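Architecture and fold: a report
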Amino acid sequence: MKFAVFGAGGVGGYLGARLADAGHEVHLIARGEHLDALQSSGLRVESVVGDTAVDLPATDDPAEVGPCDYVFFCVKSYDTREAAADLVPLLGSDTAVVSFQNGVDNEAWLAEEIGDDHVAGGVAYIFSTIKEPGAVEHTGGPARFVFGELDGERTARIEALDEALSAAEGIEAVLAEDVRVELWRKFCLICAQAGMTATTRLPLGEIRETEASWEMYRRLMAEVSAVARAEGVDLPETVVDEWSEFVQDLDPGMYSSLHYDLTHGKRLELDALHGSVVRHATDVGVDVPMNEAVDAILRPWADRNA
Ligand SMILES: NC(=O)c1ccc[n+]([C@@H]2O[C@H](COP(=O)([O-])OP(=O)(O)OC[C@H]3O[C@@H](n4cnc5c(N)ncnc54)[C@H](OP(=O)(O)O)[C@@H]3O)[C@@H](O)[C@H]2O)c1
C-alpha cells in the first residue's frame, strides 16, 4: 500500500515509521529543518515501545509523491486549511485522507477542500513530539489510533487500512463503529486537560487535588459532551465519569501540549479546542461558560503567538 504522511511530526512521523517497518511504501511531507534532516539522515523514532530508524522519501511538494491509497493528515489544526489545499496531487479516485489531529472540525475543513468522499476520521492516543529535526520521541500513551469512515460505513478501503495498521508493530489499531463519537469522546478530555493545565499553568496533580479546579475540569467535559449530544452525536452521558476515573491514574506531573505551546511562545490550537466548543455551542444553543472562560483567558495568548 502507498501512504503519504502530511505533517511528519510527533504523530505523523511515528505512524510513518511504523508503517514503513511493516513493509509499506511511505512518503513523508514535511518542511523546514525537519525536512532537511529527514532528507539527509532519515527519520529516527525513539519510543517507549521500541526505537526504529527509517530512510523514506521526504518532500515539501506533494506533486512529487503523486496519488496514494491513504494520506495521514497530521499537521497542527491551525495549519489544516492551508495544508488541505495542497492535498490534491496525493488524491486518486478512492484515496482516504485520515486526520489524526485533535479537534472536531478538521474533517469538515478537509472536506471543504477535497470533498467528503476523500475524508475519514481519526483519533490518536499517543504522546510524541519532534525531539530535534529528523527525530520523533514517543514518550508514552498507548499509541492507539482509532479511525473510521465519517458515515460509519465499513468500506473496503477502511477495512484494508485496519488490516495494515493492525499488522504494524507499535500501533494499536481500532476501527471505530462511529468515529464521530470517538472524535467527541477525546475532545471532552482534551478540552479539560488542555484548558485546565494551560489556564492554571499547573500540572494535573494539583488540579485534581483542588476541589474547585477539579470541578471545573469535570464541567469542561460535561459542557463538551452536552454540545456533542445536541449535535446528534451518540456520546454516552457516562463519558465524564469515565474520563474522570481514567484521569485519576495519570501522572500527577502531566500537562498538555496546549500548556507546552503557551509556555514556549508557540502557536496555540485554541481555535480547534475551546474556540470550537464555543462555536458549536452557539450553533446548537447550549451554554458552555467554562469553555468560554478558557477561550477568553487564552485568546490574547493565541493572538499574540499567532
Ligand atoms: N503529539 C502528540 O502526542 C499528539 C497526540 C494526539 C493528537 N495530537 C494532535 O495531532 C496533530 C499533530 O500534532 P503533532 O504533535 O504531531 O504536531 P507536530 O509535531 O508539530 O507535527 C506537525 C508537522 O507538520 C508540519 N507541517 C505543517 N504544515 C505543513 C505543510 N503545509 N507542509 C509540510 N509540513 C507541514 C509541521 O512543520 P512546522 O513545525 O514547520 O510547522 C510539523 O513538522 C495536532 O492536532 C495535535 O493536537 C498530537
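Before going further, it helps to examine the domain arrangement of the chain. Reports of interface size often rely on the accessible area that becomes lost once the parts have come together. Domain assignment breaks the chain into domain 1 (2-177) and domain 2 (181-305). For domain 1 and domain 2, the distance between their C-alpha centroids amounts to 25 Å. Listed as interface residues are 17 residues of domain 1 and, on the opposing side, 16 residues of domain 2. For the domain 1 and domain 2 pair, buried surface summed over both sides reaches about 1600 Å², with 60% attributable to carbon and sulfur atoms. A per-residue breakdown of the area domain 1 buries against domain 2 is headed by Tyr 78, Asn 102 and Val 104, which together make up 37% of the total. At the junction of domain 1 and domain 2, the tally comes to 3 salt bridges. Note that Arg 279 and Asp 105 form a salt bridge whose closest N and O atoms lie 3.0 Å from each other. Across the domain 1-domain 2 interface, the total number found is 7 residue pairs in polar contact (both at pLDDT 80 or more). Broken down by secondary-structure element, the contributors of at least two residues to the side of domain 1 that touches domain 2 are α4 (106-114) and β8 (119-132). Per-element tally for the side of domain 1 that touches domain 2: the top contributor is β8, with 5 residues.

By volume, the second largest pocket amounts to about 230 Å³. The wall of the second largest pocket is formed by 15 residues, among which Tyr 78, Arg 267, Leu 268, Leu 270 and Asp 271 lie closest to the centre. Going through the elements one at a time, α3 (80-84) and α12 (289-305) are the ones with two or more residues in the lining of the second largest pocket. In terms of residue count, α12 provides more of the lining of the second largest pocket than any other element does, 3 residues in total. Inspection of the lining of the second largest pocket shows a minimum of three residues originating in each of domain 1 (2-177) and domain 2 (181-305).

Once that is clear, we can look at the packing of helix α6 (residues 179-200) against helix α11 (residues 274-284). Two elements in contact, α6 and α11, have axes separated by 10 Å at closest approach and are oriented at 125°. In terms of orientation, α6 and α11 fall into the oblique class. Of the residues in α11, those in contact with Trp 184, Phe 187, Cys 191, Ala 194 and Gly 195 of α6 are His 274, Ser 276, Val 277 and His 280. Across the contact of α6 with α11, the residue classes tally to 5 nonpolar, 4 polar and no charged.

Here the focus is the site of the ligand. Around the ligand, the structure places 22 residues, and the nearest of them are Val 11, Arg 31, Ile 126, Ser 128 and Glu 269. Note that an oxygen atom of the ligand is positioned 2.9 Å from one of the backbone N or O atoms of Gly 10. Summarising the interface, the protein chains cover 83% of the accessible area of the ligand, which totals 900 Å² for the free molecule. Breaking the shell around the ligand down by element, the ones donating at least two residues are α1 (10-21) and β8. Here the shell around the ligand gets 5 residues from one element, more than from any other, and that element is β8.

Moving on, we get to the pairing of β8. Relative to β8, strand β7 (residues 91-99) runs parallel, the two sharing 3 bridges. Across the sheet, the residue bridging to Val 97 is Val 119, located in β8. Sheet analysis places β8 next to strand β9 (residues 135-149), joined by 11 bridges and oriented antiparallel. Among the inter-strand pairings, Thr 129 is bridged to a residue of β9, identified as Glu 137.

Once that is clear, we can look at the environment of Leu 28. Note on placement: Leu 28 falls in strand β2 (residues 25-29). We classify Leu 28 as buried; its relative accessible area is 1%. For the pair Leu 28 and Leu 91, spaced 63 residues apart in the sequence, the C-alpha separation amounts to 15 Å. Not counting residues up to four positions away in its chain, the partners in contact with Leu 28 are Val 5, Ala 8, Leu 38, Leu 43, Leu 56, Pro 57, Ala 58 and Thr 59.

Cut-offs used in this document
- Residues numbered from 1 in each chain as written.
- Predicted model: local features only at pLDDT ≥ 70, side-chain atom pairs only at ≥ 80, totals over all residues.
- Heavy atoms only, no water.
- Domains from an automatic or database assignment.
- Contact = heavy atoms within 4.5 Å.
- Buried area = accessible area lost by both parts, 1.4 Å probe.
- Salt bridge = Lys/Arg side-chain N within 4 Å of Asp/Glu carboxyl O.
- Polar contact = N/O pair within 3.5 Å; in protein donor to acceptor, adjacent residues only side chain to side chain.
- Helix = DSSP H or I, 4+ residues; strand = E, 2+ residues; numbered from the N terminus.
- 1 Å grid on protein atoms, 1.4 Å probe; cavity = no way out; pocket = protein on both sides within 12 Å on 5 of 7 lines; lining within 4 Å.
- Points joined across faces, edges and corners; volume = space filled by probe spheres on them.
- Axes fitted to C-alpha atoms, helices over the stretch in contact; angles between N-to-C directions.
- Parallel < 35°, antiparallel > 145°, perpendicular 65-115°, else oblique.
- Nonpolar A, V, L, I, M, F, W, Y, C, P; charged D, E, K, R; others polar.
- Near = heavy atom within 4 Å.
- Areas by Shrake-Rupley, 256 points an atom, 1.4 Å probe, with all protein chains shown as cover.
- Pairing = 2+ DSSP bridges.
- Buried < 20%, exposed > 50% of the residue type's maximum accessible area, 1.4 Å probe, protein only.

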